[in-house]
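# Per-entry structural report
So you can see what is in the structure, the chains are spelled out below.
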Amino acid sequence: MKNKIIVTGGCGYIGSHTVIELIDNNFEVVIIDDLSNSSKKTLDRIHQITGVKPIFVELDLKDASKTSMVFSEHKDAKAVIHFAASKAVGESVKNPLKYYKNNLYSLLNTLSAQIENGINNFIFSSSATVYGTPEVLPITEENKTQRPFSAYGNTKKIAEEILEDLINSNDSFSAISLRYFNPIGAHESGLIGELPSGIPNNLMPYITQTAVGLREKLMVYGNDYPTPDGTPIRDYIHVLDLANAHVIAVKRLLLQKQETALETFNLGTGKGFSVLDVIKSFEEVSGINLNYEIVERRPGDVPQLFASTDLAKLKLGWSANKTLNEMISSSWQWEKKLRDGNL
Ligand code: UFG
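Note that this is a predicted model, so its numbers are computed, not measured. (Residues numbered from 1 in each chain as written. Predicted model: local features only at pLDDT ≥ 70, side-chain atom pairs only at ≥ 80, totals over all residues. Heavy atoms only, no water.)

## Some details on the sheet that holds strand β11 (residues 262-267)
- The strand order across the open sheet formed by seven strands is β3-β2-β1-β4-β5-β6-β11, and the pairing between neighbours is parallel. Unpaired on one side and paired on the other, β3 (55-58) and β11 mark the two borders of the sheet. The mean angle between the axes of side-by-side strands here comes to 20 degrees, regardless of whether they run parallel or antiparallel.
- Each of β5 (121-127), β6 (174-180) and β11 is contacted by helix α6 (residues 151-169), which is oriented at about 150 degrees to β5, the strand it contacts most. (Pairing = 2+ DSSP bridges. Helix = DSSP H or I, 4+ residues; strand = E, 2+ residues; numbered from the N terminus. Axes fitted to C-alpha atoms, helices over the stretch in contact; angles between N-to-C directions. Contact = heavy atoms within 4.5 Å.)

Here it is in structure tokens:
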């Protein structure tokens, strides 16, 4: 019998790559997604890659009673991986209530429904944004969290606090919170990848969309930061390395190997690259001269953020192994396929 895992947001960017890893590791997957920022086509792509079509439920997790019903139909599930959330930082600053409602109601309904049905393992899709502006780098999980600049970021911080309260009140419940740094890249098949709706907020899809002519030029937000080339430094991580960490975390919960009922891990490579490093690497990989311009800083950007990866290495036995060029090359292959109309 395969262990069943419920994956909310399983048609999304990180969710779909994780579903593939789960299937490859012999799990049965139930995807719950409202398709608000993803496509049903992803299910066919997952089928094409793995030979398996996961069970799919189209559901808005803000609907508490329907959520409860769906979970009761899958009460044999062993764990929930919760990706479903809105994630556009800029939009969340303009429309905070949408973010608090969507990300927190969905979380609360998911947690309530799973506990009601005796599904006591939970993996949370958190973010390095909970560190705010760090004083010491690389940043370890021991560092205090700070109130993030955006409502989106704050939903991640609040969610972690909700989990703390929950595990303190419930002896049967276990959770792992995974704090992602900057996920980029796509599956090596070129069949799934990041599909931003509208104008991308993030650097990588903006670069690839500029290179295919969908955007006129990339705006580089500031080159007067206290970093070697003046542009901000981030820890970019391949989405497949991230996906793999989720499978390891699920196995850890199922084998009851966790040391505390709530564990938190950074998921990054531990290496920082500047915006100009990423552009240079993209130009190398693609052979294209990218049209870009240095403009004003973007509000809320921190100068540098990269992970200490020691804890994940020690406790999960996990570390990222894809290079920046591999990440960028896979993002580029995905973008080209998408624009060639091959998908
Ligand atoms: N950047 C540009 N031009 C763009 C887009 C981005 O210069 O068009 C720069 C940003 O100023 C920043 C860097 O590229 O210096 C990375 O920006 P991203 O928007 O790709 O990523 P962020 O680090 O701002 O945010 C990411 C995730 C968030 C998460 C955060 C955690 O998108 O979800 O990391 O630190 F909260």
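## Observations concerning the packing of helix α1 (residues 13-24) against helix α2 (residues 41-50)
- It is the contact of α1 with α2, at a shortest axis distance of 10 Å, that shows an interaxial angle of 35 degrees. For the pair α1 and α2, the crossing hand works out as right-handed. Touching Ser16, Val19, Ile20, Ile23 and Asp24 of α1 are Thr42, Ile46, Ile49 and Thr50, all from α2. (Left-handed = near helix turned anticlockwise from the far one by under 90°.)

## Topic: the sheet that holds strand β9 (residues 233-234)
- Taken in spatial order, the three strands make up an open sheet running β12-β9-β14, and their pairing is mixed. Whereas interior strands pair on both sides, the edge strands pair on one side only; in this sheet they are β12 (273-274) and β14 (304-305).
- Where β9 and β14 come together, two bridges link them in parallel fashion. By the bridge assignment, Arg234 is partnered in β14 with Leu305.

## Here we look at the packing of aromatic side chains
- One pass over the structure, following the stated rule, counts four aromatic pairs.
- Ring geometry for Phe122 and Phe124: centres 6.3 Å apart, planes at 15 degrees, overall stacked. For the pair Phe122 and Phe124, a shared accessibility class is recorded, and that class is buried.
- Both rings, one in Tyr131 and one in Phe181, keep their centres 6.4 Å apart while their planes meet at 35 degrees; by these two values the pair is tilted. (Phe/Tyr/Trp six-rings, centres within 6.5 Å; stacked < 30°, edge-to-face > 60°. Buried < 20%, exposed > 50% of the residue type's maximum accessible area, 1.4 Å probe, protein only.)

## So, the site of the ligand
- Around the ligand there are 19 residues in total, and Asn202, Leu203, Met219, Arg234 and Asp301 lie nearest to it.
- A distance of 2.6 Å separates an oxygen atom of the ligand from a polar atom in the side chain of Arg234.
- Between the ligand and Asp301, the relevant distance is 2.6 Å, taken from an oxygen atom to a side-chain nitrogen or oxygen of the residue.
- Contributing elements (two or more residues each) for the shell around the ligand: α7 (203-211) and β8 (218-221).
- In terms of residue count, the dominant contributor to the shell around the ligand is β8 (four residues). (Near = heavy atom within 4 Å. Polar contact = N/O pair within 3.5 Å; in protein donor to acceptor, adjacent residues only side chain to side chain.)

## Quick look at the pairing of strand β2 (residues 28-33)
- Across the six residues of β2, five count as buried, placing the element largely inside the fold.
- Here strand β1 (residues 4-8) pairs with β2 via five bridges, running parallel. Each bridged residue has a counterpart across the sheet, and for Ile6 the counterpart in β2 is Val30.
- Following the backbone out of β1, through α1 and into the adjacent parallel β2, one traces a crossover that is right-handed.
- Sheet analysis places β2 next to β3, joined by four bridges and oriented parallel. Bridging from a neighbouring strand, Asp33 pairs with Glu58 of β3.
- The parallel pair β2 and β3 is bridged by α2, and the resulting crossover is right-handed. (Right-handed = clockwise from strand over helix to strand, strands pointing away.)

## Some remarks on a nonpolar patch on the surface
- Judged by side-chain polarity, Val89, Val93 and Phe149 come together as a nonpolar surface patch covering roughly 250 Å² of accessible area.
- Along the chain, the position of Val89 falls in helix α4 (residues 89-94).
- Residue class for Val89 comes out partly exposed when judged on its relative accessible area of 35%. (Patch = residues over 30% accessible without salt bridge, like charges linked within 9 Å, V, L, I, M, F, W, Y side chains within 5 Å. Areas by Shrake-Rupley, 256 points an atom, 1.4 Å probe, with all protein chains shown as cover. Salt bridge = Lys/Arg side-chain N within 4 Å of Asp/Glu carboxyl O.)

## Some thoughts on the pairing of strand β4 (residues 79-82)
- The side-chain alternation of β4 yields two buried faces, one formed by Ala79 and Ile81 and the other by Val80 and His82.
- In the sheet, β1 pairs with β4 via four bridges, with the strands oriented parallel. Pairing of Thr8 across the sheet is with His82, part of β4.
- Here β4 runs beside β5; their pairing, made up of three bridges, is parallel. Looking at β5, one finds that His82 is bridged to Phe124.

## As for the pattern of salt bridges
- Enumeration according to the criterion identifies 14 salt bridges in this entry.
- Of the charged contacts in the structure, one is a salt bridge between Glu161 and Lys157, with a shortest N-O distance of 2.8 Å. Here the residue Glu161 and the residue Lys157 both occupy positions in helix α6, the gap between them amounting to four residues, near one helical turn.
- The salt bridge partner of Asp301 is Arg298, with a shortest N-O separation of 3.1 Å.
- Connected through shared salt-bridge partners, Arg234, Arg298 and Asp301 make up one network.

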